[in-house]
Amino acid sequence: MSKSSRRILQEYTPFLIGLTIRLCIATILPPLLDHTPVPYTDIDYRVYSDAAQHIRNGGSPYDRHTYRYTPFLAGLLSWIGGGDDID
C-alpha cells in the first residue's frame, strides 16, 4: 500500500467507523423500540399539553412529575387552548 493511500485510509477511518455505527443503530433500534410498553414519539407534546391543563386548572406545570422544561410554552398553550385533545 502506498503512502498516499494509507494516508487517505487514516483520514477516512473515523468517518467510516461512525457511519457503520450509525447504520447499525438505525437498523437495530427501531424494531427493538416497537416492542416496548412506553412509546418513544410525541412524548414532549403530551407533557406540554398536560402541563397546560395544569395551568388552566390553576396549578403549576411542575405538578406533572415529568415536567422539567420552561413554563413559557405550557403557559402559551394554556392561553391559546392547547392540550384539549390529551387522552
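Everything below is about the structure printed above this text.
Keep in mind it's a predicted model, so treat the numbers as computed, not measured.

Caption draft 1: Layout of the nonpolar core. With seven residues, the main nonpolar core is built from Val47, Tyr48, Ala51, Ala52, Tyr67, Ala74 and Leu77. Counting only elements with at least two residues in this core, the list comes to α2 (43-56) and α3 (71-80). Per-element accounting of this core gives the leading share, four residues, to α2. Setting aside chain neighbours within four positions, we find Val47 in contact with Arg64, Thr66, Tyr67 and Tyr69.

Caption draft 2: Representation of α2 within the structure. Helix length check: α2 (14 residues) gives 20 Å between terminal C-alpha atoms against 20 Å at 1.5 Å per residue, within 8%. Listing the buried residues of α2 in full gives Val47, Tyr48, Ser49, Ala51 and Ala52. In this structure, the buried residues of α2 make contact with α3. One or two residues past the end of α2 sits Gly58, with phi positive at roughly 85 degrees.

Rules behind the numbers
- Every chain begins its residue count from 1, and numbering advances along the sequence as written.
- Local features in this predicted model are restricted to residues whose pLDDT is 70 or higher, and side-chain atom pairs enter the listing and the counts only when it is 80 or higher, whereas totals over whole chains, interfaces and linings include all residues.
- To get the side-chain values, all heavy atoms of the structure are used, and hydrogens and water are removed first.
- As used in this record, nonpolar core signifies buried Ala, Val, Leu, Ile, Met, Phe, Trp, Tyr and Cys residues forming a set joined through side-chain atoms within 4.5 Å.
- Throughout, exposure labels follow a simple rule: accessible area from a 1.4 Å probe, protein chains only, divided by the maximum for the residue type, with under 20% read as buried, over 50% as exposed, and the rest as partly exposed.
- Helix and strand definitions follow DSSP, with helices as H or I runs of at least four residues and strands as E runs of at least two, each counted in order from the N terminus.
- The contact criterion used throughout is that any non-hydrogen atoms of two residues lie within 4.5 Å.
- In a helix, the anticipated span is given by 1.5 Å times the number of residues less one.

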